[in-house]
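So the chains spell out like this:
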Amino acid sequence: MARGISLLLSKKQGYRYPTEIKILANLFFQKAFVVFLNVFRMIAKEGKLKLIEINTAQTKHKICKIKNKTVLKGNKIQLNLHDGRNIIADKKEYKSGDTLMITLPEQKIENHFKLDKGSLVLITGGKYVGTIGTISELTTVRGIESNKAVVESEGKSYKTLKDYVFVIGKDKPAIALE
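Basis of the calculations
- Residues numbered from 1 in each chain as written.
- Predicted model: local features only at pLDDT ≥ 70, side-chain atom pairs only at ≥ 80, totals over all residues.
- Heavy atoms only, no water.
- Helix = DSSP H or I, 4+ residues; strand = E, 2+ residues; numbered from the N terminus.
- Areas by Shrake-Rupley, 256 points an atom, 1.4 Å probe, with all protein chains shown as cover.
- 1 Å grid on protein atoms, 1.4 Å probe; cavity = no way out; pocket = protein on both sides within 12 Å on 5 of 7 lines; lining within 4 Å.
- Points joined across faces, edges and corners; volume = space filled by probe spheres on them.
- Nonpolar A, V, L, I, M, F, W, Y, C, P; charged D, E, K, R; others polar.
- Patch = residues over 30% accessible without salt bridge, like charges linked within 9 Å, V, L, I, M, F, W, Y side chains within 5 Å.
- Salt bridge = Lys/Arg side-chain N within 4 Å of Asp/Glu carboxyl O.
- pLDDT = per-residue confidence, 0-100.
- Contact = heavy atoms within 4.5 Å.
- Core = buried A, V, L, I, M, F, W, Y, C linked by side-chain atoms within 4.5 Å.
- Buried < 20%, exposed > 50% of the residue type's maximum accessible area, 1.4 Å probe, protein only.
- Pairing = 2+ DSSP bridges.
- Axes fitted to C-alpha atoms, helices over the stretch in contact; angles between N-to-C directions.

### Considerations on the overall build of the protein
Part 1 of the argument: Each helix and strand counted, the protein has 0 helices and 15 strands in total.
Part 2 of the argument: With the model as given, the accessible surface of the protein reaches about 12,500 Å², and the carbon-plus-sulfur share is 52%.

Shown next as structure tokens:
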């Protein structure tokens, strides 16, 4: 009856490779080989990065912010997302700043969250990173200054850049944040 945890650590080095550490954990119980796979989502909360354990069903969905759009031949629209993905869509209702929930690995659009007043958002940059709240005001500024958004959370009002606002749902978050 072998019990225990074995860890395999390897580090790939060289100026062409980023530092990479791989950990393989195997748990042995009574001649059975069992691999436990815990999946985590990294979220910025209260100015710190926190790991939140999620179940495997939640790994089939991802939310992505639309950075910009490109018109292709045949009036098709290519949506360029924040993580480098590109999705070709037929609908013209998508705007920059909106968020899409896509299925993985098919990359099909499952849901669309608009960047509007009342949308539930997560602030992803600046002084108030990690704050979750609803948009109370969107301000478009002409000139070189960036557009602004005012986010209400727990009775407080936070003014931030519109680029730092990431829509995560309408009334409740579409992904697990706690």
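### Structural notes on the layout of surface pockets
Part 1 of the argument: In this structure, the largest pocket encloses a volume near 380 Å³.
Part 2 of the argument: Taken together, 22 residues line the largest pocket, and the ones lying closest to its centre are Arg41, Met42, Ile43, Ile63 and Ile175.
Part 3 of the argument: Put simply, the parts of the chain that give the lining of the largest pocket at least two residues each are strand 4 (39-45), strand 6 (61-71), strand 11 (120-123) and strand 15 (165-169).
Part 4 of the argument: Top element by residues in the lining of the largest pocket is strand 4. It accounts for 6 residues.
Part 5 of the argument: Classifying every residue of the lining of the largest pocket by side-chain character gives 14 nonpolar, 6 polar and 2 charged.
Part 6 of the argument: Empty space within the second largest pocket amounts to approximately 270 Å³.
Part 7 of the argument: Along the walls of the second largest pocket sit Lys45, Glu46, Gly47, Lys127, Tyr128, Val129, Gly130, Thr131, Ile132, Ser153, Glu154 and Tyr158, which together make up its complete lining.

### What about a nonpolar patch on the surface?
Part 1 of the argument: The grouping of Phe40, Met42, Leu49 and Leu51 at the surface amounts to a nonpolar patch, some 470 Å² of accessible area in total.
Part 2 of the argument: At the level of elements, strand 4 and strand 5 (48-54) are the ones that each hand at least two residues to the nonpolar patch.
Part 3 of the argument: In this fold, Leu51 is placed in strand 5.

### Comments concerning the confidence of the model for the protein
Part 1 of the argument: When pLDDT is averaged along the protein, the result is 78, and 79% of the positions lie at 70 or above.
Part 2 of the argument: Low pLDDT (under 50) marks residues 1-34, which in the prediction has 42 contacts with non-local residues, meaning those over four places away or in another chain.

### Here we look at the nonpolar core
Part 1 of the argument: Ile63, Val121, Val165 and Ile168 are the most contacted members of the largest nonpolar core, which totals 20 residues.
Part 2 of the argument: Elements supplying a minimum of two residues to this core: strand 11, strand 13 (148-153) and strand 15.

### Remarks on the sheet that holds strand 14 (residues 156-161)
Part 1 of the argument: Pairing within the open sheet is antiparallel, and its 5 strands lie in the order 14-13-12-11-15. Looking at strand neighbours, the two that pair on one side only are strand 14 and strand 15, the edges of this open sheet. Taken pair by pair, the neighbouring strands of this sheet meet at an average axis angle of 45°, ignoring direction.
Part 2 of the argument: Across 4 bridges, the pairing between strand 11 and strand 15 is antiparallel. Pairing of Ile123 across the sheet is with Val165, part of strand 15.

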